[in-house]
Amino acid sequence: MKRGRMYQYVRRVPEDIADRFPYSRIQRSLRTPEKARAFEAAARVHAEVEQQFAHARRNKGATLDLTPVDDWEWPDWRLLADWFKAILIEDDWQARSRQLPGAAFDTGVTRSLFWRDSTVAQAHLDLRATLREMTISRYAEERIGYVQSIVRRLGVPVSKSSPYFERFMGACLRAELEYLTVFFDREGGRMEEAPHPDTIKGKWRKAAEQLREQRAISLGIDITKTKKAGKTLTDCFEQWKRDRQQANKKTTRHGADEKELAIENFQKHARVRDIGEITRAHIIAFRDHLFTTGLKTPTVNKRVGQITTLLATAQRAGWIDTAITGGIYIEIPAGTNEREPFDRAELDLVFGQEVFRKGVRSENPKSGGELEFWIPLVSLTSGLISSEIIQLGPDTVVPHPDHPEIICFEVSNAGGRSIKAHARKRYVPVRKELLKGGFLALVENARQKGWKTLWATAEQNADVTSISNMFSSFWSDRLRNDLSIKDPLKALYSLRHNFRDALSAAGATQDEKNQLMGHAEAGTGKKYGTKKKPRVVDIVRLNELIQSMKLPLLDNIKWPSV
């Protein structure tokens, strides 16, 4: 389907695993308006989604593959019907036990403690009345989907082509009615013990074991052998920090937190602590599990990468012989990281917020104080990305050395600053509204306080990546929840695209846009010429372009100094 210009992949979550997902359907932008590319992207997304569904079924007791039933005879199908009844009774027990206090198991306790919700009870009354009136053929027609959703947990296919199909469905009809008898007995306070589904020994159990072994063999894993290393992922993390210290590399709090979170998530899921026992199957299963939590592909890859990095650290330390590499990550579909500019109406929404019209500031610590106001405005009028804006300081808002009448942002790595690898050091003229509206006062305040940056938030937390990530998260929440701008291609980075569009409208050439945005020259030419200083440009011309961009929304901003 299409939403606006872009094709979308839409898929409903199957009934049998609906309780494993926080949403009823999956919808992802394929990030292309072209039908051919959409088909290719949809195929990749479909494979991804199928992996999520398969893993959810495995967590519920199902296998990833269908169990072969060609050699099944009636006794095997009868056992499956018994299992079907047992799982219905067990599911009801689980639903009741979640709310039961210990007193419910004492004698003489009011039976209302055992009751299900009144709407559930009524639904069961209605179902019993319906089932009592059904013929087996009608039941087979109307309830096959429900039966399939239950037995699919075992990976067992139920097909109308089976010679035992109608007889099996008759057994399931009987099983449902017998379950309903148990249900209403429990409503009356009788909680007699019922056989657990695991006590029913059907052929599916042996088939599931064989499939598990085949899967392990196909991954090159000897499941009969493990070699304990006596070290945990936490030990690897401590070694990783020591390695970075010896290499004179900085360890940020944000980076450390991400590794600790990945360790916690992995150990909780895999239930393996010794790194010598971690297999490729554990890593892949962890990756598939992360998808079921709703994380996007880049985040899943990043979290899995934290674990493989720690295992590589263990290999370098000599704790294990082989790290786990190759074939772990999920390919990110082309265009995933592309962004689109905001349209005129969306820009009005963004800059019509109270922070820009009434001088209000959010109390959310992720907003970054004054960054909430200045990052969007600087990005829109100068094309700087958030990390470049956060690193601005009193020494980087300066008169141009050749034309001191032009105040510029100097983007460089001076003072230990970090800039994107693809970006060139550059001077970007500051828009006149910012100069009149209080940006120079911000610079002077930071200079008097001896700050390296312009922002109190950055002075308290020197980790630029952490501040940038938190602000992006805050801003995305504001876009999606408060402004209802749901398009995944619209984000904070979109303002940089709006800046480029405004430059084009002002008559900028391709080279002039590249000079202002820090884009490298194309081709081999980028290897030559100065690298340590901003390249020679016509700053007067660039200033004219900046000042002539049509941005009428700036007239409605409540500036701090106005």
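Only a predicted model underlies this, so the values are computations on that prediction, with no experimental measurement involved. Every chain begins its residue count from 1, and numbering advances along the sequence as written. Per-residue local features are limited, in this predicted model, to residues with pLDDT of at least 70; the limit for side-chain atom pairs, both in listing and counting, is 80 or more; totals at the level of whole chains, interfaces and linings are taken over all residues. Side-chain metrics rest on all non-hydrogen atoms present in the structure, leaving aside hydrogens and water.

## With respect to the packing of helix H3 (residues 118-133) against helix H6 (residues 165-187)
Test applied: To get an axis, fit a line to the C-alpha atoms, keeping to the stretch in contact for a helix; angles then go from 0 to 180 degrees between the N-to-C directions. Helix and strand assignments follow DSSP, with helices taken as H or I runs no shorter than four residues and strands as E runs no shorter than two, numbered in order from the N terminus. Take the far helix as the reference: if the near one is turned anticlockwise from it by less than a right angle, the crossing is left-handed, and if turned clockwise, right-handed. Every residue pair with non-hydrogen atoms within 4.5 Å of one another is taken to be in contact. Polarity classes work like this: nonpolar for Ala, Val, Leu, Ile, Met, Phe, Trp, Tyr, Cys and Pro, charged for Asp, Glu, Lys and Arg, and polar for all others, with Gly in that last group.
Where H3 meets H6, the axes come as close as 10 Å, and the angle between the chain directions of the two elements is 145°. Judged by the sense of rotation from one axis to the other, the crossing of H3 with H6 is left-handed. For the pair H3 and H6, contact is made by Val120, Ala121, His124, Leu125, Leu127, Arg128, Leu131 and Arg132 and by Leu173, Glu176, Leu177, Tyr179, Leu180, Phe183, Phe184 and Glu187, respectively. Considering only residue class, the contact of H3 with H6 consists of 11 nonpolar, 1 polar and 4 charged.

## Focus: helix H17 (residues 439-449)
Going by this rule: Each residue is assigned to one of three classes by its accessible area relative to the maximum for its type, calculated with a 1.4 Å probe on protein chains only: buried under 20%, partly exposed between the two thresholds, exposed over 50%. Directions from the helix axis toward the C-beta atoms define the arc.
By the burial criterion, the buried members of H17 are Phe439, Leu442, Val443 and Ala446. End-on view of H17: buried residues confined to an arc of 100°, all on one side of the axis. Contacts from the buried residues of H17 go to helix H14 (371-382), strand E4 (397-399), strand E5 (407-411) and helix H16 (432-437).

## With respect to the pattern of salt bridges
Basically, it comes down to this: For salt bridges, the criterion is a side-chain nitrogen of Lys or Arg within 4 Å of an Asp or Glu carboxyl oxygen.
In total, this model carries 19 salt bridges according to the counting rule given. Among the salt bridges present, the one from Lys203 reaches Asp76, with a minimum N-O distance of 3.5 Å. One end of the pair, Lys203, is in helix H7 (residues 203-218); the other, Asp76, is in helix H2 (residues 74-97), with 127 residues separating them in the sequence. Notably, a salt bridge pairs Arg186 with Asp92, separated by 2.8 Å at the nearest N-O pair. Here Arg186, found in helix H6, pairs with Asp92, found in helix H2; they are 94 residues apart in sequence, far enough to count as distant.

## Quick word on the environment of Gln148
Checked against the element boundaries, Gln148 lands in helix H5 (residues 144-151). Distance from Gln148 to Ser159, taken between C-alpha atoms, is 9.0 Å for residues 11 residues apart in sequence.

## Some words on the environment of Ser494
Mapping Ser494 onto the fold places it in helix H20 (residues 494-505). Judged by relative accessible area, which is 0%, Ser494 ranks as buried. Measuring from C-alpha to C-alpha, the distance between Ser494 and Glu340 comes to 5.6 Å, with 154 residues separating the pair along the chain. Among all residues touching Ser494, those that are not within four sequence positions of it are Arg339, Glu340, Pro341, Phe342 and Leu489.

## Quick word on the nonpolar core
Note the threshold: Only buried residues count toward a nonpolar core. Its members are Ala, Val, Leu, Ile, Met, Phe, Trp, Tyr and Cys residues joined through side-chain atoms within 4.5 Å.
In terms of nonpolar packing, the biggest core is built from 59 residues, with Phe351, Phe409, Phe439, Leu454 and Trp455 touching the most fellow members. Of the residues forming this core, the biggest block, 7 residues, is contributed by H14. With sequence-adjacent residues up to four places away left out, Phe409 is seen in contact with Val378, Ser382, Leu384, Leu392, Thr396, Val397, Arg426, Tyr427, Val428, Val430, Leu434 and Phe439.

## Details of H14
Of all the 12 residues making up H14, 12 are buried; the element is thus mostly covered by neighbouring parts of the structure. Within H14, the full set of buried residues consists of Leu371, Glu372, Phe373, Trp374, Ile375, Pro376, Leu377, Val378, Ser379, Leu380, Thr381 and Ser382. Two residues or fewer after H14 comes Gly383, characterised by a positive phi angle close to 80°.

## Some points on the packing of aromatic side chains
Where we set the bar: Two aromatic rings, drawn from Phe, Tyr or Trp (for Trp, its six-membered ring), form a pair once their centres lie within 6.5 Å of each other, and the interplanar angle then sorts them: stacked below 30 degrees, edge-to-face above 60, tilted otherwise.
Scanning the entire structure with this criterion turns up 18 aromatic pairs. Their ring planes at 65° and their centres at 4.9 Å tell us that Trp72 and Trp77 sit as a pair that is edge-to-face. Judged on exposure class, the residue Trp72 and its partner Trp77 are both buried. Between Phe409 and Phe439, the ring centres sit 5.5 Å apart and the planes meet at 85°, which makes this aromatic pair edge-to-face. Linking Phe409 in strand E5 with Phe439 in helix H17, this pair joins segments that are 30 residues apart in sequence.

## Notes on the confidence of the model for the protein chain
Low pLDDT marks stretches whose predicted atomic positions should not be read closely. Filter applied, for reference: Confidence of the predictor at the level of single residues is given by pLDDT, which spans 0 to 100.
In the predicted model, the protein chain carries a mean pLDDT of 81, and the fraction of residues at 70 or more is 80%. Throughout residues 61-65 the model reports pLDDT below 50, and contacts reaching past four residues in sequence, or to other chains, amount to 19 contacts. For residues 211-225, every residue scores under 50 in pLDDT, and the model assigns this stretch 14 contacts once sequence neighbours within four places are set aside.

## Section: the sheet that holds E4
Selection rule: Two strands pair under a simple rule: DSSP has to find at least two bridges between them.
Within the open sheet, the 3 strands sit side by side as E4-E5-E6. Their pairing is antiparallel. At either end of the open sheet lies a strand with only one pairing partner, and these are E4 and strand E6 (426-429). Across this sheet, the average inter-strand angle for adjacent strands is 45°, counted without regard to direction. In this structure, E5 lies alongside E6, joined through 4 bridges in antiparallel fashion. Bridging across to E6, Val411 finds its partner in Arg426.

## Re the environment of Ile467
One can find Ile467 in helix H19 (residues 464-482). Counting along the chain gives 80 residues from Ile467 to Ser387, while the straight-line C-alpha distance between them is 8.4 Å. Non-local contacts of Ile467, meaning those with residues more than four positions away in its chain, are made with Leu371, Ile390, Thr457, Ala458 and Asn461.

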